[in-house]
Amino acid sequence: MENFFVNSSQPYIIAGPCAIENDSQFSSAVDTLSQMPQVAMIRCGIWKPRTRPGGFEGLGEKAFAIVERQRGRYPRLRFCCEVASPAHLEAALAHGMDAIWVGARTTASPFAIQELSEALRGTDIQLLVKNAPSPDIRLWLGAIERFRQVGVTSIAAVHRGFDIYNNLGYRNNPLWQLPIELHRLMPDLPIFCDPSHIAGRTDAIAQLSQTALDLHFDGLMLEVHPTPSEALTDAAQQLTPVELTQLLSSLVCRTENTDQIPANLQELRTQIDLLDHQLLQLLADRLQISCQIAQVKQQHNLSAYQPKRWQTLLDDRLAQASGMGLDQHFVKTLLEMIHAESVARQEELLNNKD
Ligand code: PEP
Ligand code: MN
């Protein structure tokens, strides 16, 4: 089967409503999306995973009739839907969907992924795998590996952000280092970004989309609704078709520099290399002192973790950072990691009975 996700210098755009609500809502969405040449695939929410019962859970199988009407009208477009179980998959295959995606909550469950992969054996549908809500890249990798094991060849990952305690004002924290790490581990795997579910609000979607392209993502999955304020699900994050047109025309595709590196870029990179080496040396020196501190603590029967000292240190460094143009959240996260490593080393030394 043709692989929709590769061989394109332009980002692959998947767009459509969070959920298919009725025939006129979907046909209005597809009518406008069909006029945007960049849009290659339509997302069709057929079964909606809702955290709590009582909300709109999608039209279910009867939505396929609505999709089929649009497929007939727009043969250029591809159509994809979420599946969470072998029964969903069977229905999606029976109705000729071009691609399916596995949602975040499904990726979080290895049992569900195993069942789905068994059901996918022998099929050649395009498969998109969203990351699990928790920032554990192994769940994402594990799902992709399980699908590959049963012979699915056309797989792409979808980055939809992570639900952690600090989401930076977004619905989900992008934690860009995780898709970057996924790309490092699986360089041939296409990766999409779902800025709609990361942002949770429309005003942040353009910036997130541009960041994704700058990080060499292969495509975007965007939620679009003819009248977002009336949407039955995810009303705050769905773009109008006009907003999507504006967004698509504002995106800049920058290339990864490979062969010819400009001389001034090379010079700046040399400086960065030097600073990184210095940073690592400083961290090693700091840890060395921390080990000496552990000996003193042992002599005086003091615990490794000293809450008051930690609070004073944090306040001092954050105050320093604010005068240096450094982001407070970034510095705090960095210090927390350094401190946690230091406490762990001291713990090891204090509890080493030899
Ligand atoms: C969706 O794409 O409609 C969806 C439910 O997203 P996620 O699985 O990322 O929460
Ligand atoms: Mn949604």
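First things first, this report covers the structure right here in the doc. Since the structure is predicted, the reported quantities are computational estimates derived from the model, not experimental observations. (Residues numbered from 1 in each chain as written. Chains lettered and ligands numbered in written order. Predicted model: local features only at pLDDT ≥ 70, side-chain atom pairs only at ≥ 80, totals over all residues. Heavy atoms only, no water.)

**Some details on helix 10 (residues 241-250)**
Point 1. Among all positions in helix 10, only Pro241, Leu244, Leu247 and Leu248 are buried. Burial along helix 10 is one-sided: seen end-on, the buried residues are contained in an arc of 115 degrees. Turned more than 90 degrees from where helix 10 packs its buried face, Val242, Gln246 and Ser249 sit exposed.
Point 2. The inward-facing, buried residues of helix 10 contact strand 1 (12-16), helix 1 (23-34), strand 2 (39-44), helix 9 (205-214) and strand 8 (219-223). (Buried < 20%, exposed > 50% of the residue type's maximum accessible area, 1.4 Å probe, protein only. Helix = DSSP H or I, 4+ residues; strand = E, 2+ residues; numbered from the N terminus. Arc of directions from axis to C-beta. Contact = heavy atoms within 4.5 Å.)

**Remarks on the packing of aromatic side chains**
Point 1. Scanning all chains against the criterion turns up four aromatic pairs.
Point 2. A ring pair is formed by Trp47 and Phe64, whose centres lie 5.8 Å apart and whose planes are at 65 degrees; its orientation type is edge-to-face. Of the two residues, Trp47 is situated in the loop between strand 2 and helix 2 (63-73) and Phe64 in helix 2; the sequence distance between them amounts to 17 residues. Accessibility classification places Trp47 together with Phe64 in one group, the buried group.
Point 3. Geometrically, the ring pair formed by Trp140 and Phe162 is edge-to-face, given 6.4 Å between the ring centres and 75 degrees between the ring planes. With Trp140 in helix 6 (residues 137-149) and Phe162 in the loop between strand 6 (155-159) and helix 7 (177-185), the pair connects residues that are 22 residues apart, well separated along the chain.
Point 4. Using a relative accessible area of 1% as the deciding quantity, one classes Phe162 as buried. (Phe/Tyr/Trp six-rings, centres within 6.5 Å; stacked < 30°, edge-to-face > 60°.)

**What about the coordination of the manganese ion (ligand 2)?**
Point 1. Coordination of the manganese ion (ligand 2) by the protein is provided by Cys18 (SG), His197 (NE2), Glu223 (OE) and Asp234 (OD), with metal-donor distances spanning 2.0 to 2.4 Å.
Point 2. Each donor residue of the manganese ion (ligand 2) belongs to the same chain, with the gaps between them written as C-x178-H-x25-E-x10-D. Pair noted here: His197 is in helix 8 (residues 195-199) and Asp234 is in the loop between strand 8 and helix 10, with a separation of 37 residues, a long-range link. (Donors = N, O, S within 2.8 Å, 3.2 Å for Na, K, Ca; no water.)

**Quick notes on the packing of helix 6 against helix 7**
Point 1. Orientation of helix 6 relative to helix 7, taken along the N-to-C sense of each, is 40 degrees, at an axis distance of 10 Å. With respect to each other, helix 6 and helix 7 are oriented oblique. In this structure, helix 6 crosses over helix 7, and the sense of that crossing is right-handed. Each of Ile137, Trp140, Leu141 and Ile144 in helix 6 lies in contact with helix 7, whose residues at this interface are Leu178, Pro179, Glu181, Leu182 and Leu185.
Point 2. Tallied by class, residues from the contact of helix 6 with helix 7 come to eight nonpolar, no polar and one charged. (Axes fitted to C-alpha atoms, helices over the stretch in contact; angles between N-to-C directions. Parallel < 35°, antiparallel > 145°, perpendicular 65-115°, else oblique. Left-handed = near helix turned anticlockwise from the far one by under 90°. Nonpolar A, V, L, I, M, F, W, Y, C, P; charged D, E, K, R; others polar.)

**A word on the site of ligand 1**
Point 1. If you check the shell around ligand 1, you find Arg43, Lys48, Pro49, Glu82, Trp101, Gly103, Ala104, Arg105, Lys130, Arg160, His197 and Glu223 and nothing else.
Point 2. Contact distances for ligand 1 include 2.7 Å between an oxygen atom and a side-chain N or O atom of Lys130.
Point 3. Coverage of ligand 1 by the protein amounts to 97% of the 300 Å² it exposes when considered alone.
Point 4. Split into classes, the residues belonging to the shell around ligand 1 amount to three nonpolar, two polar and seven charged. (Near = heavy atom within 4 Å. Polar contact = N/O pair within 3.5 Å; in protein donor to acceptor, adjacent residues only side chain to side chain. Areas by Shrake-Rupley, 256 points an atom, 1.4 Å probe, with all protein chains shown as cover.)

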